[in-house]
Amino acid sequence: MKPSKTNVVALWNAEPAAEFTFAEMRQALRIAKNQTRGLRKILSDLRTDGVLEHINRRYRLPPKRTEADRSRSAGEIVEGRYSAHQRGFGFIDTDEARISYFVPPRQEKGALDGDRVRAKLFLDQRSGRKTARVDMVLDRWRKQVRGRVQLMRDGELWVIPLNEIVPPLFVGQGHLPKDIGAGSLVDVLITDYPESVEEAPTGRILGMIDGGDSIEGIIENILADKQTGFPFSAAALKESNRLPRSVRINKQRKDLRELPFITIDGSDARDFDDAVCLLDSGGSHTRLLVAVADVAHYVRPGSFLDRDAYQRGTSIYLPHRAIPMLPEAISNDLCSLRPGQLRFTLTCEMELNDSGEVVDYSVYESVIRSRARLTYDQVQQYYDGGVDHPIEDSVVAGMLGRMRNLAALLAAKRRHRGALQLEMPEVRIDFDEQGRPLNTRLAYPTEATRLIEQFMVEANETVARHARSERLPILFRVHEPPPARQSAVLTELLQGFGIPVDEDALHLPGGFNALLERFKSHPQRILLEVALLKSMAQARYRPKNVGHFGLAAEIYTHFTSPIRRYPDLLLHRVLKAHLRGESTQVEKKAVSGPAGTHLSDCERNAEAIEKQVARLFKVVIMEPMLGDVFRATVSNVSDAGLWVELPDYHVSGLLPLQSLPSNRYRYDRTRNLLRGARKPKEIAPGRRMQVQLVRANRHAQELEFGFDRWGWKEDPQARQAK
């Protein structure tokens, strides 16, 4: 392997405290003898840059500098994930809450989209804003690329990635592999990464892909570009098939088989990782038991199953199918809390008073037998007094009534302390019997979905407090207040909708809740709620607690979904080790390393895939309507044009600047609007118009619209273009 700064620094990804001799590094990186001089030069540069220390003939990472040290150094240093743009520039999304820095063209120093980088900040004299210049790549994210083969006149072979933000890859000289021709769609393994903007990545063709315009083919391209969706390793599948199918009860587990646990999930759910039970505790107190699948019993640290699960980080839920974090033998069988089946669990038992406060609790290993599998629709029908889905089990029916009251009490408690009251609808896609997308619809939260949410949040908070009191090494689920920059952007956008905002109020959840109340009667409620949500920081996993802004909680973690979230599995291992009086050093090492950042990145990647595939289905739904005219609302503006939302179809797209009527518009970045010389002199978010669908690109998951007229016609339905 050719030595590079990225390869060298990557040795410390798994264990930041490790130390290596030169010989150990050469062996670990598989450096040939003729490359040792290059390795020594790289190590010398890394020492000069302060990236590595060389003490007693061993290389190591220097102690982390404090923020004060950084501010005193020449040029502030930041670390984060690089996001490339096809125009040549990019952004560094830091680990801080939604803070990103612009990277000008040719300042990425060989970084590819998705790489973790270190960069120096500089003050741009024109804009007065800080911009970044990549100093070095810390970790390469993209391992494979999917693209089309291109044969140059001089005989060089290149692959042009489907994703336009990834540069072309050089794959050889001369003849193509057998059965692969120019224009073939192939997967390429990156063998050498660029160290500067002048270099191109080099790769090796792995094989040809059956390309096409089919929905599933495009989804596979999306997954390949996002470096996920790969099959489980053969070793992991072998391990999962060898796991014991029988459940044997021992003295370490509390026997809860006779308690009336139930699961409540969506009608299309295939794995059930949490069950709930509500018991009277005497007087005005109630006992809430949340039993969670004991995945840690089967997936042991260091196993092939564990490696695959950690790499995936989370399950991915597409509109029509799921990509699980664990093989189906575990997620849909051994750890799924099916009714009537004995299952190992980890239970959080809470005693609550008549104010909904936890006055006592315990966390323990257990075994349960779920009494019933209920759906959200079924429970909601029962609450609404419907007869389509009656609850025939009187024990379950009585418990559901008490659960309803407790959930309302818990919701009132969180509302009183200032938790964000955001109840945005989810855009659902309906399919026909052949699996083709038919239409979109909005699905709002129901009393049944909120019930389970309240119980899960209560368990998560209780376990987080327990871990803190016992000083257990865990990953907290943290959510910082919105950064000032995002609050300013939100304020400007809302002013475009005619909604004045006190920016200072946005530093407390109560300020957001006040806005949400005002949105309820606004005709663009959904669009406004989306804008508000985008202005907030993203929740993430960190070994240090800083609270959860959205829940107005001083401490929070994820405990209730180990089948589909790796952080929950890590937490279960810590809890089980503590319960058994065992050392938690292995878990402490895992939590204090790169796990929090990696798992947060996995979550972001999964969210991006889910949104991209949803956009694909929306484009497919709109394809037959090319040329039709629709009601639209401007959701945002940019120097490229208007982003418009179709309220009747729940889709969005771009109306290019040149498609607007003859009036020279320029983008006012400060006020987030377009300025023109003639009427309309200003175009801001919230403006109504009618647009014509002119392009539907399923490969890019993009819709493009043309201008029809300002304002809406009285008829709320879309009209056919003449």
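So, a few notes on the structure that sits alongside this text.

Moving on, we come to the overall build of the protein. Within the protein one finds 16 helices and 33 strands. In terms of C-alpha radius of gyration, the protein reaches 28 Å, essentially the compact-globule figure of 27 Å for 722 residues. When burial is assessed residue by residue, the protein has 48% of its 722 residues classed as buried. In the protein, of all internal contacts separated by at least 6 residues, the share reaching a separation of at least 24 is 65%. Put simply, the protein shows about 35500 Å² of open surface, and 48% of that area lies on carbon and sulfur atoms.

The subject of this paragraph is helix α15 (residues 566-579). The terminal C-alpha atoms of α15 lie 20 Å apart, and with 14 residues this matches the ideal 20 Å at 1.5 Å per residue to within 8%. Taken across its 14 residues, α15 has twelve buried, putting it largely inside the fold. Among the residues of α15, those classed as buried are Tyr566, Pro567, Asp568, Leu569, Leu570, Leu571, His572, Arg573, Val574, Leu575, Lys576 and Ala577. One or two steps after α15, the chain reaches Gly581, where phi turns positive at roughly 70°.

With that settled, the discussion passes to helix α5 (residues 215-225). The buried count for α5 comes to nine of eleven residues, which makes it a mostly enclosed element. Within the sequence span of α5, burial applies to Ile215, Gly217, Ile218, Ile219, Asn221, Ile222, Leu223, Ala224 and Asp225. Those residues of α5 that are buried are in contact with β8 (144-151), β11 (185-192), β18 (322-323), β23 (437-443) and α16 (585-622). Looking one or two places after α5, you find Gln227, whose phi comes out positive at around 60°.

Here the phi dihedral of Lys109 falls at roughly 50°; this positive angle occurs in a residue that is not glycine. As for its placement among the helices and strands, Lys109 is situated in the loop between β5 (100-103) and β6 (116-123). Of note, the phi angle at Ala552 is positive, near 50°, even though the residue is not glycine. Looking at where Ala552 falls in the secondary structure, it is placed in the loop between β25 (540-542) and α15.

This part is about the pairing of strand β9 (residues 156-161). Sheet analysis places β8 next to β9, joined by five bridges and oriented antiparallel. Of the residues in β9, the one forming a bridge with Arg148 is Ile160. Connecting the antiparallel pair β8 and β9 is a turn made up of four residues, with Gly155 showing a positive phi of about 90°. Direction of pairing for β9 relative to strand β10 (residues 169-173): antiparallel, over a ladder of four bridges. Its bridge partner lying in β10, Trp158 is registered against Phe170.

Moving on, we get to the nonpolar core. The biggest cluster of nonpolar side chains holds 80 residues, and the ones touching the most others in it are Ile262, Leu374, Leu400, Met403, Phe455 and Phe559. With nine residues, the top contributor of residues to this core is helix α11 (residues 447-469). If you look at the next biggest cluster of nonpolar residues, it comprises 37 residues, including Leu318, Ile323, Leu642 and Ile683.

Looking now at the environment of Pro3. Within the secondary structure, Pro3 sits in the segment before α1 (5-9). Overall, the relative accessible area of 10% leaves Pro3 in the buried class. Sequence-distant contacts of Pro3, defined by excluding residues within four places in its chain, comprise Ile31, Gln35, Gly38, Leu39 and Ile42.

Tracing the chain through its elements places Tyr82 in strand β3 (residues 77-84). In the structure, Tyr82 is positioned 490 residues away from His572 in sequence and 32 Å away in space, judged by C-alpha atoms. Leave out the neighbours within four places in its chain, and Tyr82 touches Phe89, Gly90, Phe91, Ile92, Val103, Glu108, Ala111, Leu112, Asp113, Gly114, Asp115 and Val117.

Reading across from one edge, β29-β30-β31 is the order of the three strands in this open sheet, with antiparallel pairing throughout. Edge positions in the sheet fall to β29 (666-668) and β31 (682-683), since each of these pairs with one other strand and no more. Where strand β30 (residues 673-675) lies against β31, two bridges are found, and the strand directions are antiparallel. When the bridges of β31 are listed, Arg675 appears paired with Glu682.

Bringing the pairing of strand β15 (residues 274-280) into the picture now. With six of seven residues buried, β15 lies mostly within the body of the structure. For β15 and strand β16 (residues 286-293), the ladder comprises seven bridges, and the chain directions are antiparallel. Counted as the bridge partner of Asp274 is Val292 from β16. As consecutive antiparallel partners, β15 and β16 are separated by five residues, and within that stretch Gly282 has a phi angle of approximately 90°, a positive value.

Glancing now at the packing of aromatic side chains. For the structure on display, the rule yields eleven aromatic pairs. Considering the side-chain rings of Phe89 and Phe91, the 6.0 Å spacing of their centres and the 90° angle between planes classify their relative orientation as edge-to-face. Here the aromatic rings of Phe512 and Phe549 are separated by 5.9 Å at their centres, their planes lie at 80°, and the arrangement is edge-to-face. Of this pair, Phe512 sits in helix α13 (residues 509-519) while Phe549 sits in the loop between β25 and α15; the two residues are 37 residues apart in sequence, bridging distant segments of the chain. Feature note: the residues Phe89, Phe91 and Phe102 constitute an aromatic cluster, connected by ring pairs. Lying over the aromatic face of Tyr541, Arg477 brings its terminal NZ or CZ to 4.6 Å of the ring centre.

This brings us to the packing of helix α7 (residues 304-312) against α16. Across the interface, α7 lies against α16 with an axial gap of 8 Å and an inter-helix angle of 65°. Two secondary-structure elements touch here, α7 through Tyr310, Gln311 and Arg312 and α16 through Pro594, Ala595, His598, Leu599 and Cys602. Across the contact of α7 with α16, the residue classes tally to five nonpolar, two polar and one charged.

Another point: the pattern of salt bridges. Tallied over the full model, the rule gives 48 salt bridges. Note that Lys576 is salt-bridged to Asp294, the shortest N-O span being 3.0 Å. Of this pair, Lys576 sits in helix α15 while Asp294 sits in the loop between β16 and α7, placing them 282 residues apart in sequence. Here the two residues Lys576 and Asp294 agree in accessibility, since each one is buried. Across the salt bridge formed by Arg573 and Asp306, the nearest N and O atoms sit 2.8 Å from each other. In this pair, Arg573 sits in helix α15 while Asp306 sits in helix α7, placing the two residues 267 residues apart along the sequence. Residue Asp306 is classed as buried on the basis of its relative accessible area of 8%.

Contact pair helix α9 (residues 376-384) / α11: the axes reach a minimum separation of 8 Å and the direction vectors enclose 110°. The angle between α9 and α11 falls in the class roughly perpendicular. Only Glu447, Ala448, Thr449, Leu451 and Ile452 of α11 make contact with α9, whose side of the interface consists of Tyr376, Val379, Gln380 and Tyr383. In terms of residue class, the contact of α9 with α11 is built from six nonpolar, two polar and one charged.

For Asp668, the position within the fold is in strand β29. Classification of Asp668 by relative accessible area gives buried; the value is 12%. Polar contacts involving the side chain of Asp668 include one to the side chain of Arg675, which spans 3.0 Å. Residue contacts for Asp668: discarding those within four places in its chain leaves Leu673 and Arg675.

Okay, the state of the cysteines next. One pass over the full model with this rule turns up zero disulfides. No disulfide involves Cys335; its nearest neighbouring cysteine sulfur is the one of Cys348, lying 19 Å away.

Cut-offs and rules
- Residues numbered from 1 in each chain as written.
- Predicted model: local features only at pLDDT ≥ 70, side-chain atom pairs only at ≥ 80, totals over all residues.
- Heavy atoms only, no water.
- Helix = DSSP H or I, 4+ residues; strand = E, 2+ residues; numbered from the N terminus.
- Rg over C-alpha atoms; globule rule 2.2 N^0.38 Å.
- Buried < 20%, exposed > 50% of the residue type's maximum accessible area, 1.4 Å probe, protein only.
- Contact = heavy atoms within 4.5 Å.
- Areas by Shrake-Rupley, 256 points an atom, 1.4 Å probe, with all protein chains shown as cover.
- Expected span 1.5 Å × (residues − 1).
- Pairing = 2+ DSSP bridges.
- Core = buried A, V, L, I, M, F, W, Y, C linked by side-chain atoms within 4.5 Å.
- Phe/Tyr/Trp six-rings, centres within 6.5 Å; stacked < 30°, edge-to-face > 60°.
- Lys NZ or Arg CZ within 6 Å of the ring centre and 35° of its normal.
- Axes fitted to C-alpha atoms, helices over the stretch in contact; angles between N-to-C directions.
- Nonpolar A, V, L, I, M, F, W, Y, C, P; charged D, E, K, R; others polar.
- Salt bridge = Lys/Arg side-chain N within 4 Å of Asp/Glu carboxyl O.
- Parallel < 35°, antiparallel > 145°, perpendicular 65-115°, else oblique.
- Polar contact = N/O pair within 3.5 Å; in protein donor to acceptor, adjacent residues only side chain to side chain.
- Disulfide = S-S within 2.5 Å.

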